[in-house]
Amino acid sequence: MKNNEKPIIRSTTVIGVLRDGKAALGSDGQMTLGNTVIKHSTRKIRRLYQGKLIAGFAGATADAVTLLDRFEEKLEAYNGKLDRAAVELAKEWRTDKYLRRLEAMLAIVSSDKALIISGTGDVIEPEDGIVAIGSGSMYALSAARALMKHSSLSARDIVQESLKIASDICIYTNDHIIVEEV
């Protein structure tokens, strides 16, 4: 690594699933710095707005916490309206000089909606009700889609199993899994 390069932080798989009027969001616990695992039990999800929403993050932890705090402010300002708060955060994230330098993504679920918010101003609501972000997101997403199509598992169980599968494939994802449900 050259002196002027920052070590790359890779550390996350976050996945959320909507099914049968319930939502679950989970993440692994691994945090890496360069090629080294520095923590096995990082908590990357938290409940928001009186416990009605669950948000997870991928990216630099300090950046993600800053964005989660801003998102909570937007939720309060717009009386818990998830869509409006997400769009307002994305607009601010994209246009604010300080915020646009933050390197993180958010995945947010309520009992009837799943969104991804990116730093490029995108607010994405996947058609299948599955959100996935982070290093192992495509492995977890693939597993969740197969489980949704070919099983009757609950949202919580699909998230749990998808994260286990991702942890078997992605070196930046471990099996210290935390799942929350609304």
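Every value quoted in this text rests on a predicted model; they were computed, and no experiment measured them. (Residues numbered from 1 in each chain as written. Predicted model: local features only at pLDDT ≥ 70, side-chain atom pairs only at ≥ 80, totals over all residues. Heavy atoms only, no water.)

Draft legend 1. How the structure looks around the packing of helix H3 (residues 137–150) against helix H4 (residues 155–169). The geometry of H3 relative to H4 is characterised by a closest axis approach of 8 Å and an angle of 140 degrees between their N-to-C directions. Classed by the angle they form, the pair H3 and H4 counts as oblique. Between H3 and H4 the crossing geometry is right-handed. Mapping the contact onto sequence places Tyr139, Ala140, Ala143, Ala144, Leu147 and Met148 in H3 and Ile158, Glu161, Ser162, Ile165, Ala166 and Ile169 in H4. Partitioned by chemical class, the residues of the contact of H3 with H4 number 10 nonpolar, 1 polar and 1 charged. (Axes fitted to C-alpha atoms, helices over the stretch in contact; angles between N-to-C directions. Helix = DSSP H or I, 4+ residues; strand = E, 2+ residues; numbered from the N terminus. Parallel < 35°, antiparallel > 145°, perpendicular 65-115°, else oblique. Left-handed = near helix turned anticlockwise from the far one by under 90°. Contact = heavy atoms within 4.5 Å. Nonpolar A, V, L, I, M, F, W, Y, C, P; charged D, E, K, R; others polar.)

Draft legend 2. The arrangement of the confidence of the model for the protein in detail. Averaged over the protein, the pLDDT score is 89; the fraction of residues at 70 or greater is 93%. No element of the protein has a lower mean pLDDT than strand S3 (residues 31–33), at 81, and none a higher one than strand S2 (residues 22–27), at 98. (pLDDT = per-residue confidence, 0-100.)

Draft legend 3. Quick peek at the UniProt feature "active site" (unreviewed entry) in the protein. In this numbering, the UniProt entry assigns the feature "active site" (unreviewed entry) to Thr12. Along the chain, the position of Thr12 falls in the segment before strand S1 (13–19). Residues in contact with Thr12, not counting those within four places in the same chain, are Asp28, Gln30, Lys44, Phe57, Ala58, Ile133, Gly134, Ser135, Gly136, Tyr172 and Thr173. (UniProt positions renumbered as here; feature names shortened; annotations may be inferred.)

Draft legend 4. Representation of the nonpolar core within the structure. Core analysis: the biggest nonpolar cluster contains 23 residues, and Leu53, Leu67, Phe71, Leu106, Ile108 and Ile117 have the highest contact counts within it. At the level of secondary structure, the elements contributing two or more residues to this core comprise strand S6 (53–59), helix H1 (61–77), helix H2 (82–95), strand S7 (104–109) and strand S8 (114–117). Not counting the four nearest positions on each side in its chain, Leu53 is found in contact with Arg46, Arg47, Leu48, Phe71, Leu75, Leu82, Ile108, Val109, Ser110 and Val182. Grouped together as the second largest cluster of nonpolar side chains are 16 residues, Ile130, Leu147, Ala155 and Ile177 included. (Core = buried A, V, L, I, M, F, W, Y, C linked by side-chain atoms within 4.5 Å. Buried < 20%, exposed > 50% of the residue type's maximum accessible area, 1.4 Å probe, protein only.)

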